[in-house]
Amino acid sequence: MRRVAVLISGSGSNMVSLVAAMQADKAADPVLVLSNRPDAGGLAKAAAFGVPTAVVDHTAFADRAAFEGAVHAELVAAKADLVCLAGFMRILGEDFTRLWEGRMLNIHPSLLPKYKGLNTHARAIAAGDEQAGCSVHEVTAELDDGPVLGQARLAIRPDDTPDTLAARILPLEHRLYPAVLRRVVAGDRSPVVIQG
Ligand code: GAR
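Quick notes on the rules
- Residues numbered from 1 in each chain as written.
- Predicted model: local features only at pLDDT ≥ 70, side-chain atom pairs only at ≥ 80, totals over all residues.
- Heavy atoms only, no water.
- Buried < 20%, exposed > 50% of the residue type's maximum accessible area, 1.4 Å probe, protein only.
- Helix = DSSP H or I, 4+ residues; strand = E, 2+ residues; numbered from the N terminus.
- Pairing = 2+ DSSP bridges.
- Right-handed = clockwise from strand over helix to strand, strands pointing away.
- Near = heavy atom within 4 Å.
- Polar contact = N/O pair within 3.5 Å; in protein donor to acceptor, adjacent residues only side chain to side chain.
- Areas by Shrake-Rupley, 256 points an atom, 1.4 Å probe, with all protein chains shown as cover.
- Contact = heavy atoms within 4.5 Å.

(A) The pairing of strand β8 (residues 192–195), seen in detail. Burial of β8 is one-sided: the residues Val192 and Ile194 facing one way are buried, the residues Val193 and Gln195 facing the other way are not. Summarising the sheet, strand β7 (residues 148–155) and β8 pair through four bridges and their orientation is parallel. The residue bridging Arg153 from the neighbouring strand is Gln195, located in β8. For the segment spanning β7, helix α6 (residues 162–185) and β8, crossover handedness is left-handed.

(B) Structural context of the site of the ligand. Within the structure, the ligand sits among Ser11, Gly12, Ser13, Asn14, Gly87, Met89, Ile107, His108, Pro109, Leu170 and Glu173. Here Ser11 contributes a side-chain N or O atom positioned 2.7 Å from an oxygen atom of the ligand. Within the backbone of Gly12, a nitrogen or oxygen atom sits 2.8 Å from an oxygen atom of the ligand. Within the complex, 83% of the 450 Å² of free accessible area of the ligand lies under protein.

(C) Seen up close, the side chain of Asp160. Note that Asp160 resides in the loop between β7 and α6. Classification of Asp160 by relative accessible area gives buried; the value is 9%. Of the polar contacts made by the side chain of Asp160, one reaches the backbone nitrogen of Arg157; its length is 2.8 Å. Side-chain polar atoms of Asp160 contact the side chain of Arg168, separated by 2.3 Å. Apart from residues lying up to four places away in sequence, Asp160 is in contact with Ile125, Ala155, Leu165 and Arg168.

(D) Region of the structure containing unusual backbone geometry. Of note, the amide linkage connecting Leu112 to Pro113 takes the cis form, showing an omega dihedral of 15 degrees. Mapped onto the elements, Pro113 comes out in the loop between β5 (104–108) and α5 (120–126). Unlike most non-glycine residues, Lys79 shows phi in positive territory, near 55 degrees. Along the polypeptide, Lys79 turns up in the loop between α3 (64–77) and β4 (82–85). Residue Lys79 is classed as exposed on the basis of its relative accessible area, which comes to 58%. One non-glycine residue, Asp144, adopts positive backbone phi at about 55 degrees.

Below is the structure:
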């Protein structure tokens, strides 16, 4: 069974959807939830699911390479063979991404390749886009750039704000990420498509 680590920085709602799906399907084993922030709300949620947790506080390291070395050591200690970034808000360097290339996924709140980086929903609204959504992709050295493994989309309403859009897209994220993980652990990397 694939051993999956989930990396978070915040509330961890995507992590919960992944862990719940893994525990229900029994097709993958959630072996570690790691946060770079000691105060991440997701840590208690992971513990409530009985998943081991770890904190690697990026502020305690001299540079990114040292931080990533410590994260890598935790992943190796947990014998993880797949890593899911789920609201993990640190940019990862080339050495680390190379180590996990093909074995690390991320969820990003835009219809990639549009709107890499931050403030994705505000940028979609400002551009006058008809649709917004989220993407799960393989992580490569380029930010938010690896092969897309699935997308969920919905229509932007005339009165949408970045907050209302985020609130409507988050439940789609919670459907999309487990669906992609299911396919990946089954050896299928064809894209998942969800229309909200
Ligand atoms: C999610 O909307 C996720 O797509 C986004 O952060 C949120 C985390 O929520 N990720 C990024 O912006 C990555 N660049 P969660 O902690 O409740 O899963």
